[in-house]
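The chain contents come next:
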Amino acid sequence: MADTFALVIEGLDTLKSMDDLPKDIVKAARIAVNRAATRGRTLMADEVLSQVNLPPSYVAPAKGRLFVRKPATNSDLEAIIEARARPTSLTRFLTKSY
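Residues numbered from 1 in each chain as written. Predicted model: local features only at pLDDT ≥ 70, side-chain atom pairs only at ≥ 80, totals over all residues. Heavy atoms only, no water.

Draft legend 1. Here's a closer look at the overall build of the chain. Each helix and strand in the chain was counted, giving 1 helix and 2 strands. Listing the helices and strands of the chain from first to last along the sequence gives α-β-β. Restricting to contacts in the chain with at least 6 residues of sequence separation, those with at least 24 account for 47%. Approximately 8100 Å² of the chain is accessible, and the part contributed by carbon and sulfur atoms is 57%. (Helix = DSSP H or I, 4+ residues; strand = E, 2+ residues; numbered from the N terminus. Contact = heavy atoms within 4.5 Å. Areas by Shrake-Rupley, 256 points an atom, 1.4 Å probe, with all protein chains shown as cover.)

As structure tokens, this is what we get:
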């Protein structure tokens, strides 16, 4: 079972749909969500690297192990950060043989 973290914005009870918002507010919200997702991904990578002595490139977004899978769009203000679920063998990171 995957761990899930959610950032929820409350206080928009009176908003009936995204169509009610001016376009510049939707654009600003999209930019904010995408920046938060990118920053969250970076913080997660930093935390992994602080706990395990992996090379920084191991958790780089281009490697597909920790990345923003779905950025927010003007029509969907949800962004998803995804990490690969498959276990990693740490033997390849050994610096000396035992």
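The rest of the description comes next.
Draft legend 2. Spotlight on the confidence of the model for the chain. Of the residues in the chain, 79% reach a pLDDT of 70 or more, and the chain-wide mean stands at 83. Within the chain, the lowest mean pLDDT, 92, falls on strand S2 (residues 80–83), and the highest, 95, falls on strand S1 (residues 66–70). (pLDDT = per-residue confidence, 0-100.)

Draft legend 3. Local environment of the environment of Ile81. Residue position: Ile81 is located in strand S2. Separated by 12 residues in sequence, Ile81 and Arg69 place their C-alpha atoms 5.5 Å apart. Discounting chain neighbours no more than four positions away, the residues touching Ile81 are Ala37, Gly40, Arg41, Met44, Leu66, Phe67, Val68 and Arg69.

Draft legend 4. Representation of the environment of Asp24 in the model. Positionally, Asp24 belongs in helix H1 (residues 23–51). Remark: the alpha-carbon pair of Asp24 and Asn74, spanning 50 residues in sequence, is separated by 9.9 Å.

Draft legend 5. Broad picture of the nonpolar core. If you look at the biggest cluster of nonpolar residues, it comprises 5 residues: Ala45, Leu54, Tyr58, Val59 and Leu66. Excluding residues that lie within four positions of it along the chain, Val59 makes contacts with Arg41, Ala45, Val48, Leu49 and Leu66. (Core = buried A, V, L, I, M, F, W, Y, C linked by side-chain atoms within 4.5 Å. Buried < 20%, exposed > 50% of the residue type's maximum accessible area, 1.4 Å probe, protein only.)

Draft legend 6. Looking closely at H1. In this model H1 runs 42 Å from its N-terminal to its C-terminal C-alpha over 29 residues, within 8% of the 42 Å that 1.5 Å per residue would give. Within H1, burial applies to Val26, Asn34, Ala37, Gly40, Arg41 and Ala45. Contacts made by the buried residues of H1 are with S1 and S2. (Expected span 1.5 Å × (residues − 1).)

Draft legend 7. Local environment of the side chain of Arg65. With respect to the element layout, Arg65 can be found in the loop between H1 and S1. The side chain of Arg65 is buried and forms no salt bridge, while Glu82, the nearest opposite charge, is found at 12 Å. Those residues in contact with Arg65, other than ones at most four positions away along the chain, are Tyr58, Glu82, Ala83, Arg84 and Arg92. (Lys, Arg positive; Asp, Glu negative; His and termini not counted. Salt bridge = Lys/Arg side-chain N within 4 Å of Asp/Glu carboxyl O.)

Draft legend 8. The pattern of salt bridges, seen in detail. A complete count under the given rule lists 3 salt bridges for this structure. With a shortest N-O distance of 3.2 Å, Glu78 and Lys70 are connected by a salt bridge. Here the salt bridges do not stand alone but share partners, grouping Lys70, Asp76 and Glu78 into one network.

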